[in-house]
Amino acid sequence: MKTFLKIHSTDKVAVALRPLTAGSVLTVDGVSVTLLEDIPQGHKFALCPIGANEPVIKYGSPIGIAREDIAQGAWIHTHNMKTGLGELLTYTYKPQVTPVTPTEERFFQGFRRSNGKVGVRNEIWIIPTVGCVNNVATAIERKAQACKSGSIEDIVAFPHPYGCSQMGDDQEHTRQILADLINHPNAGGVLVLGLGCENSNIGELKRYIGDYDENRVKFLVSQESEDEIADGLKLVEELIAYAGAFQREPISCSELIIGMKCGGSDGLSGITANPTVGVFSDLLVSKGGTTILTEVPEMFGAETLLMNRCADEALFDQTVALINDFKNYFTSHNQTIYENPSPGNKKGGISTLEDKSMGCTQKSGSSPVRGVLAYGEPVSHKGLNLLSAPGNDLVASTALAASGAHIVLFTTGRGTPFASPVPTVKISSNTPLYEHKKNWIDFNCGTLVDDKPLTELGEELFEYVIAVASGQKVKAEETGFHDMAIFKQGVTL
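What you see is a predicted model; the values in this text were computed from it and never measured.

In terms of regular secondary structure, the protein chain is built from 13 helices and 23 strands. For a compact globule of 493 residues, the expected C-alpha radius of gyration is about 23 Å, and the protein chain comes in at 23 Å, within 12% of that figure. Along the three orthogonal principal directions, the C-alpha set of the protein chain runs to about 75 × 45 × 40 Å. Considering only intrachain contacts with a sequence separation of at least 6, the fraction spanning at least 24 residues in the protein chain is 72%. For the protein chain, the computed accessible surface area is about 18,800 Å², with 51% contributed by carbon and sulfur atoms. For the protein chain, the distance from the average position of its 42 positive side-chain charges to the average position of its 57 negative side-chain charges is 3 Å.

Shown next as structure tokens:
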């Protein structure tokens, strides 16, 4: 049973896979290392002396700079290392694109929509245009549960605080995200619930929705209705009658779109859960499918790895803009660009943003980058895509759904109960979390520290995702959780 891991041959640190005690003598690449301190699970210790101001190497790359001289066997964390990140950088395209070898076609049981799109759920969604009608939306949701029939799996309202008193990009973001959700194929029918006087009113929103099926999308302006709850319920019943006729059928995995996100990460996330998702991503891409990686601030420090995997120089330039635009977002608000690891991240063993980012980007596997998406932009290229969105769990997961993800894979070292508009698979980086929070966690990657092969676990995750896409509910769905959040940057009127 492994107790520690040296990830890359050039690393100056190893990671404790289990709590290690001071005085333990470990043999690493034929060299004896005596631990000078207790090393918590997921934390790092020095494999060799590291001088002050020298880079600390993990994943084969710098994850920070030593604040002081660090002895062999010493615990390395925030007390003796710091970030090496700066402001805007100049990047050069150095392509390292690995071709994808096609693998055998696979199928899941999904819903084919009248416009040709594919869904993995057949739900009725109630989407408010503005926060003023949130309670109306949830009241309709509650009353409509008794009306479910046919193949309808759930009726869900998505309250949010926006849609009015917004300016500039914030207003555009709200309209775009709402339109994306209205068009999402996991919804067999959608009730768009407006107030009537809001900036993002139904008439305005229709410009963003584009062409739509009048049987699938219904609209209600509350100020024009004598009893908006009763009228809303009637419209939902019409949607149920329409959408309840859809049935699952075999659909190629080449039409599956999966979002990838992490949160509450620990020192094992980049060793177990995130690499497993990376294997899954490569496997889905090899079958013609699509994956989307987001949370741009958690690419800082590892961005060149993604840039050099861009399929061409135009995508490289778009990725450079993706990174620099987010750095400018931080500096324009007088914030540093590297104060990202949370208290939970640090407790779990992540010391710097580079440390976090190198682990985060493991979710992307090794496939070429085929697309770079603006916030709210629907995916249009098969293969691996990068999406502009912040690290916030709810905002980023909603952004993945809005760009077309049927399912979100969410890796975590500490656990979280949240959901998103689409099935959100919680993947634990360690077995204790899986055992402690089985009401949250769907899939355990902690078995990797017990010598389970990474490829085998990635294939197991692929089979689990096929099951979810075919109708198996994840823990958040079983609990009845559905969340959404929209990215807000500017002022509120």
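What follows covers the sheet that holds strand 13 (residues 154-157). Ordered in space as 13-12-14-15, the four strands form an open sheet in which the pairing is parallel. The open sheet has two edge strands with one neighbour each: strand 13 and strand 15 (217-221). Averaged over all pairs of adjacent strands, the angle between their axes in this sheet comes to 15°, without regard to strand direction. Against the sheet, helix 3 (residues 202-209) touches strand 14 (187-194) and strand 15, its axis set at about 160° to strand 15.

The next point concerns the packing of aromatic side chains. Per the counting criterion, the structure on display carries 15 aromatic pairs. What links up through ring pairs into an aromatic cluster is the set F300, F326, Y329, F330, Y375 and F487. Over the aromatic face of F219 sits the side chain of K206, whose NZ or CZ is 4.6 Å from the ring centroid.

Moving on to a nonpolar patch on the surface. On the surface, a cluster of nonpolar side chains totalling about 320 Å² of accessible area is made up of M167, V491 and L493. Mapped onto the elements, V491 comes out in the segment after helix 13 (475-479). On the accessibility criterion, V491 (54% relative accessible area) is exposed.

This part takes up empty space enclosed by the protein. Applying the stated rule across the entire model yields three cavities of 30 Å³ or more. Of the pockets and cavities examined, the largest cavity occupies roughly 70 Å³. In this structure, the largest cavity is lined by 14 residues; those nearest its centre are D266, G270, I350, K356 and G359. Broken down by element, the residue count for the lining of the largest cavity peaks at four residues, all from helix 9 (residues 353-360). Its residues placed into classes, the lining of the largest cavity shows four nonpolar, six polar and four charged. Here the second largest cavity defines a volume of roughly 60 Å³. In terms of lining, the second largest cavity is formed by 14 residues, of which the most central are S420, V422, P423, E477 and H482. The residue makeup of the lining of the second largest cavity, split by class, is seven nonpolar, four polar and three charged.

With that settled, consider the sheet that holds strand 20 (residues 383-387). Backbone-to-backbone hydrogen bonds pair the strands of a sheet. The strands run either parallel or antiparallel. Pairing is parallel across the open sheet formed by seven strands, whose spatial order is 19-20-18-17-21-22-23. Strands at the two margins of the open sheet, each flanked by one partner only, are strand 19 (369-373) and strand 23 (443-444). The pairing of strand 22 (residues 424-428) with strand 23 spans two bridges and is classified as parallel. Bridge pairing in strand 23 places S428 opposite N444. Against the sheet, helix 7 (residues 313-332) engages strand 19 and strand 20, with an angle of about 40° to strand 19.

Once that is clear, we can look at the pairing of strand 4 (residues 31-34). In terms of strand pairing, strand 3 (residues 25-28) meets strand 4 through four bridges, oriented antiparallel. By the bridge assignment for strand 4, V25 is matched with T34. Between strand 3 and strand 4, which pair antiparallel and follow one another directly, the connecting turn spans two residues, one of which, D29, has a positive phi of 55°.

Moving on: the nonpolar core. Ranked by internal contacts, the top residues of the largest apolar core, which has 89 residues, are F108, I407, L409 and I427. Element by element, the count of residues in this core is highest for helix 12 (residues 454-469), at eight residues. If sequence neighbours within four positions are ignored, I407 has contacts with V120, I257, I258, G259, V422, P423, V425, V465, V468 and A469. By size, the runner-up hydrophobic cluster in this structure holds 23 residues, among which are V136, I155, A157 and L233.

Quick notes on the rules
Residues numbered from 1 in each chain as written. Predicted model: local features only at pLDDT ≥ 70, side-chain atom pairs only at ≥ 80, totals over all residues. Heavy atoms only, no water. Helix = DSSP H or I, 4+ residues; strand = E, 2+ residues; numbered from the N terminus. Rg over C-alpha atoms; globule rule 2.2 N^0.38 Å. Contact = heavy atoms within 4.5 Å. Areas by Shrake-Rupley, 256 points an atom, 1.4 Å probe, with all protein chains shown as cover. Lys, Arg positive; Asp, Glu negative; His and termini not counted. Charge placed at Lys NZ, Arg CZ, Asp CG, Glu CD. Pairing = 2+ DSSP bridges. Axes fitted to C-alpha atoms, helices over the stretch in contact; angles between N-to-C directions. Phe/Tyr/Trp six-rings, centres within 6.5 Å; stacked < 30°, edge-to-face > 60°. Lys NZ or Arg CZ within 6 Å of the ring centre and 35° of its normal. Patch = residues over 30% accessible without salt bridge, like charges linked within 9 Å, V, L, I, M, F, W, Y side chains within 5 Å. Salt bridge = Lys/Arg side-chain N within 4 Å of Asp/Glu carboxyl O. Buried < 20%, exposed > 50% of the residue type's maximum accessible area, 1.4 Å probe, protein only. 1 Å grid on protein atoms, 1.4 Å probe; cavity = no way out; pocket = protein on both sides within 12 Å on 5 of 7 lines; lining within 4 Å. Points joined across faces, edges and corners; volume = space filled by probe spheres on them. Nonpolar A, V, L, I, M, F, W, Y, C, P; charged D, E, K, R; others polar. Core = buried A, V, L, I, M, F, W, Y, C linked by side-chain atoms within 4.5 Å.

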